[in-house]
Amino acid sequence: MLLIECPWCGPREQSEFSYGGEAHIARPVDTDALTDAQWGDYLFMRKNPRGAHVEQWLHAFGCRRWFNVCRDTVTYRISAVYKPGESPP
Amino acid sequence: MSRYSLASLFRNGLSYHENWQAAWRSPEPRTEYDVVIVGGGGHGLATAYYLAKEHGITNVAVLEKGWIGGGNTGRNTTIVRSNYLWDEATHLYEKSIQLWEGLAQDLNYNVMFSQRGVLNLGHTLQDMRDIARRVNANRLNGVDGELLDAAQVKAMVPIINDSPRARYPILGASLQRRGGTARHDAVAWGFARGADAHGVDILQNCEVTGIRRDGAQVVGVETSRGFIRTRKVGVVAAGNSSVLAAMADLRLPIESHPLQALVSEPIKPVLHTVVMSGAVHGYISQSDKGDLVIGAGIDAYTGYGQRGSFPVIENALAAIVELFPVFSRVRMNRQWGGIVDVCPDACPIIGLTPIRGLYFNCGWGTGGFKATPGSGWVFAHTIARDRPHELNAAFSIDRFFTGRLIDEHGAAAVAH
């Protein structure tokens, strides 16, 4: 069980949160000009790194706010959390 | 390679079974192979076996970073079935079942394939509609399937909780009688022995660290045991597919998740079939040793750590105890995790890549074991002919750009 520090509520157990996948994937702006390959990449392709990963979590059974987490995908250790709009430390 | 038979069993008994030949050799890597398979799990070994047997390509190496049977092949819950919804998936998994049916004879190795039937339970009216649709789709595709009501489920599995007052009452089930289980380690060992007998080199403790290219053509792989030259590389490294794709600057629509399973202490035979429930999320069978083999779900977060979190196991066991109150005091012996490749449409990717000579077989998600022989069979064809077989043509990575996904989340039976 992970102990996740919500930037607003402090440390809470994992079962209060839901996972939102890779962070910082921006929806393309000029959507009419996108090729199928660019759409496919935006919708489906993921970095899925073995090691440091930046991801989104939602404090679903708490303040219901989204935030970002830097987590190692091998040790599962969380190194940082930060609010949306902020840059990764 | 000496064949296993009653005579060889007797002969080896005379020397107290101390002189059995090793099931496969452990050779030193050659400098060059016609084909290199990355990943010595069931799918990779099956690929090598069928490359040699069906296509006559025997100058093949299978590279395994750990040991044979130590990865997902030895970590799954051993269930085999082919009752998928869409034509493409059904045909692929059905090919696999047909290979399972003759596999022990073909490999001269007892893979303990037991067609004890697979029940997929329905707990809501919508579940039952989906199940009826899937059974009908299966039958139209020539795959056996039956629709059972609650009384028929109870008659088949008397220990199941059929109370209509249950939180999720059982309304019925689909039954695929040709489904069942197989001994997972034996599948890896049997394919390894079969491939080795055809001259395939199985190289354990040999981790791939890079894929060398000359322009758009693969020319070899860097490994922990040195560089190996080859012009064809088949990657079957479930769990770590994205890591290998990154070595070739490819992006995959895959995320790696921990998937957990557990087994109980051995008990007397009490459950003679496989019972799965997607709605309450648990699946269970009883092994020939007597232990209950229970599958949990994946963790929502991505991970490579080969372990998952406790709430996932707790949920799976809550579901199992609800379905089988008689198991509430059975103790669990072991619990473990494996890392699965999860694809957005719960279907695998098997085919060519933009790089010539590089082929990927990945994305089987939580249900790759059942497909082991079929996956190897079509992947061997894809590598040997440099084009997909018609059974896996629809499973190319292109579907994520054309939009022609094969949505099997329903028939995957447990949520991906």
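As shown above, the structure is provided for reference.
Just so it is clear, the model here is predicted, and its values are computed rather than measured.

The rules we used
Counting restarts for each chain, with residues numbered from 1 along the sequence as it is written. To read the labels, note that chains go from A and ligands from 1, taken in the order they are written. Whole-chain, interface and lining totals are the exception, using all residues; otherwise, since this is a predicted model, local features are given only for residues with pLDDT of at least 70 and side-chain atom pairs are given and counted only at 80 or more. Here the side-chain values reflect all heavy atoms present in the structure, with hydrogen atoms and water set aside. Strands here are runs of E lasting at least two residues and helices are runs of H or I lasting at least four, both read from the DSSP assignment and numbered beginning at the N terminus. The globule rule used here is 2.2 Å times the number of residues to the 0.38 power, and the radius of gyration it is set against is calculated over C-alpha atoms. Three exposure classes are used, based on accessible area relative to the maximum for each residue type with a 1.4 Å probe and protein chains only: buried under 20%, partly exposed in between, and exposed over 50%. It only takes one pair of heavy atoms within 4.5 Å for two residues to be counted as in contact. As used throughout, the charge tally considers Lys and Arg to be positive and Asp and Glu to be negative, leaving His and the chain termini uncounted. Taken as the charge centre is NZ of Lys, CZ of Arg, CG of Asp or CD of Glu, depending on the residue. For helices, the axis comes from a line fit to the C-alpha atoms of the stretch in contact; other axes are also lines fit to C-alpha atoms, and the angle between any two N-to-C directions lies between 0 and 180 degrees. Small angles under 35 degrees read as roughly parallel and large ones over 145 as roughly antiparallel, with 65 to 115 read as roughly perpendicular and the rest as oblique. If you view the pair so one helix is near and one far, a crossing is left-handed when the near helix is turned anticlockwise from the far one by less than a right angle, and right-handed when it is turned clockwise. Charged residues are taken to be Asp, Glu, Lys and Arg, nonpolar residues to be Ala, Val, Leu, Ile, Met, Phe, Trp, Tyr, Cys and Pro, and polar residues to be all remaining types, Gly included. Definition used for salt bridges: Asp or Glu carboxyl oxygen within 4 Å of a side-chain nitrogen of Lys or Arg. For Phe, Tyr and Trp, where Trp contributes only its six-membered ring, two rings pair if their centres lie within 6.5 Å, and the inter-plane angle classes them as stacked under 30 degrees, edge-to-face over 60, or tilted in between. Should DSSP find at least two bridges between two strands, the strands are regarded as paired. Given the number of residues in a helix, its expected span is that number minus one, multiplied by 1.5 Å. To form a nonpolar core, buried Ala, Val, Leu, Ile, Met, Phe, Trp, Tyr and Cys residues must be joined to one another through side-chain atoms within 4.5 Å. A quick way to say it: buried area is the sum, across both parts, of accessible area lost when two parts are put together, with a 1.4 Å probe. Each polar contact in these results corresponds to two N or O atoms within 3.5 Å; when the atoms are within protein, one needs to be able to donate a hydrogen and the other to accept it, and residues that are neighboring in sequence are counted only if both atoms are side-chain atoms. Note on patches: the residues involved have over 30% relative accessible area and no salt bridge, like charges join within 9 Å, and the nonpolar side chains Val, Leu, Ile, Met, Phe, Trp and Tyr join within 5 Å. For every accessible area listed, the method is Shrake-Rupley and the probe measures 1.4 Å; residues are considered covered only by the protein chains on display.

### What about the overall build of chain B?
At step 1: When its secondary structure is counted, chain B shows 11 helices and 19 strands.
At step 2: Computed over its C-alpha atoms, the radius of gyration of chain B comes to 21 Å, within 12% of the 22 Å expected for a compact globule of 416 residues.
At step 3: Taken over 416 residues, chain B has a buried fraction of 59%.
At step 4: A separation threshold of at least 6 residues defines the contact pool for chain B, and within that pool the share at least 24 residues apart is 76%.
At step 5: Chain B carries 40 positive and 38 negative side-chain charges, and their two centres are separated by 3 Å.

### Focus on the packing of helix H2 (residues 42-55) of chain B against helix H10 (residues 372-385) of chain B
Residues and elements named next belong to chain B.
At step 1: Interhelical geometry of H2 versus H10 gives an angle of 55 degrees and a closest axis separation of 7 Å. Classified by the angle between their axes, H2 and H10 sit oblique to one another. Regarding H2 and H10, the two cross each other, and that crossing is right-handed. Contact residues: H2 offers Gly42, His43, Ala46, Thr47, Tyr50, Leu51, Glu54 and His55, while H10 offers Thr372, Pro373, Ser375, Gly376, Trp377, Phe379, Ala380, His381, Ile383, Ala384 and Arg385.
At step 2: Looking at side-chain class alone, the contact of H2 with H10 contains 9 nonpolar, 8 polar and 2 charged residues.

### Remarks on the pattern of salt bridges
At step 1: Following the criterion strictly, the structure yields 24 salt bridges over all chains and no others.
At step 2: Close ionic contact of Lys47 of chain A with Glu22 of chain A constitutes a salt bridge, the shortest N to O distance being 3.9 Å. Pair noted here: Lys47 of chain A is in the loop between helix H1 (36-44) and strand E4 (52-58) and Glu22 of chain A is in strand E3 (residues 18-22), with a separation of 25 residues, a long-range link.
At step 3: In this structure Glu22 of chain A comes out as buried when scored by relative accessible area, which is 9%.
At step 4: If you follow the salt bridges from partner to partner, you end up with Arg25, Arg30, Asp196 and Asp201 of chain B in one network.

### What to know about the packing of aromatic side chains
At step 1: Inspection of every chain in the model, using the stated rule, returns 16 aromatic pairs over all chains.
At step 2: A ring pair is formed by Tyr50 of chain B and Phe191 of chain B, whose centres lie 5.9 Å apart and whose planes are at 65 degrees; its orientation type is edge-to-face. Taken together, the residues span a long stretch of sequence, with Tyr50 of chain B in helix H2 and Phe191 of chain B in helix H7 (residues 184-197) at a distance of 141 residues. Summarising the burial analysis for this pair, Tyr50 of chain B and Phe191 of chain B share the class buried.
At step 3: When the ring of Phe324 of chain B is compared with that of Phe327 of chain B, the centres are 5.2 Å apart and the planes differ by 35 degrees; the resulting orientation is tilted.
At step 4: Take Phe327 of chain B: its relative accessible area is 6%, and that puts it in the buried class.
At step 5: Among the aromatic residues, those joined into a cluster by ring pairs are Tyr19, Trp57 and Tyr76 of chain A together with Tyr301 of chain B.

### A look at unusual backbone geometry
Residues and elements named next belong to chain B.
At step 1: Positioned with a positive phi, Asn108 is a non-glycine residue whose angle comes to about 55 degrees.
At step 2: As for its position among the elements, Asn108 is in the loop between helix H4 (103-107) and strand E4 (118-122).
At step 3: Accessibility expressed as a relative area gives 12% for Asn108, which makes it buried.
At step 4: In the Ramachandran plot, His281 falls in the positive-phi region, its phi being about 65 degrees despite a non-glycine side chain.

### Things to note about the sheet that holds strand E1 (residues 35-38) of chain B
Residues and elements named next belong to chain B.
At step 1: Ordered in space as E8-E2-E1-E12-E19-E18, the 6 strands form an open sheet in which the pairing is mixed. Only two strands of the sheet have a single partner each, and these edge strands are strand E8 (201-203) and strand E18 (349-352). Sheet twist, expressed as the mean angle between neighbouring strand axes with direction ignored, is 15 degrees.
At step 2: Sheet topology note: the E1/strand E2 (residues 60-63) ladder contains 4 bridges and is parallel. The partner of Val36 across the bridge, within E2, is Ala61.
At step 3: Each of E1, E2, E8 and strand E19 (358-362) touches H2; the most contacted strand, E2, lies at about 175 degrees to it.

### Considering the environment of Arg129 of chain B
At step 1: Checked against the element boundaries, Arg129 of chain B lands in helix H5 (residues 125-140).
At step 2: On the accessibility criterion, Arg129 of chain B (51% relative accessible area) is exposed.

### A short note on helix H3 (residues 87-101) of chain B
At step 1: Given a rise of 1.5 Å per residue, 15 residues ought to cover 21 Å, and the 21 Å separating the end C-alpha atoms of H3 of chain B matches this to within 8%.
At step 2: All of the buried residues in H3 of chain B are Ala89, Thr90, Leu92, Tyr93, Glu94, Lys95, Ser96, Ile97, Leu99 and Trp100 of chain B.

### Observations concerning the nonpolar core
Residue and element names in this part refer to chain B.
At step 1: If you look at the biggest cluster of nonpolar residues, it comprises 52 residues, and the most contacted ones within it are Ile37, Leu45, Tyr50, Leu51, Val60, Trp100 and Phe191.
At step 2: Every element with two or more residues in this core is listed here: E1, H2, E2, H3, H4, H7 and H10.
At step 3: The biggest single contributor to this core is H2, with 7 residues.
At step 4: Setting aside residues up to four positions removed in sequence, Ile37 forms contacts with Gly44, Thr47, Leu51, Val60, Ala61, Val62, Leu63, Gly234, Val236 and Ile383.
At step 5: Grouped together as the second largest cluster of nonpolar side chains are 31 residues, Ala61, Leu63, Ala248 and Ile349 included.

### A closer look at the interface of chain B and chain A
At step 1: Between chain B and chain A, the contact holds 29 residues from the first and 24 residues from the second.
At step 2: Together chain B and chain A conceal approximately 2,200 Å² of surface at their shared face, both sides included; 55% is due to carbon and sulfur atoms.
At step 3: A per-residue breakdown of the area chain B buries against chain A is headed by Arg251, Tyr301 and Phe401 of chain B, which together make up 32% of the total.
At step 4: At the junction of chain B and chain A, the tally comes to 1 salt bridge.
At step 5: The partner of Arg251 of chain B in a salt bridge is Asp41 of chain A, and the shortest N-O contact between them spans 2.9 Å.
At step 6: For the pair chain B and chain A, the interface holds 15 residue pairs in polar contact (both at pLDDT 80 or more).
At step 7: Looking at the side of chain B that touches chain A, the elements with two or more residues in it are helix H8 (241-247), strand E13 (255-266), helix H9 (310-323) and helix H11 (399-402) of chain B.

### Remarks on a nonpolar patch on the surface
Residue and element names in this part refer to chain B.
At step 1: A cluster of nonpolar side chains, namely Leu6, Leu9 and Trp20, defines an oily patch on the protein surface of about 330 Å² accessible area.
At step 2: Take Trp20: it is sitting in the loop between helix H1 (6-13) and E1.
At step 3: Residue Trp20 is classed as partly exposed on the basis of its relative accessible area of 33%.

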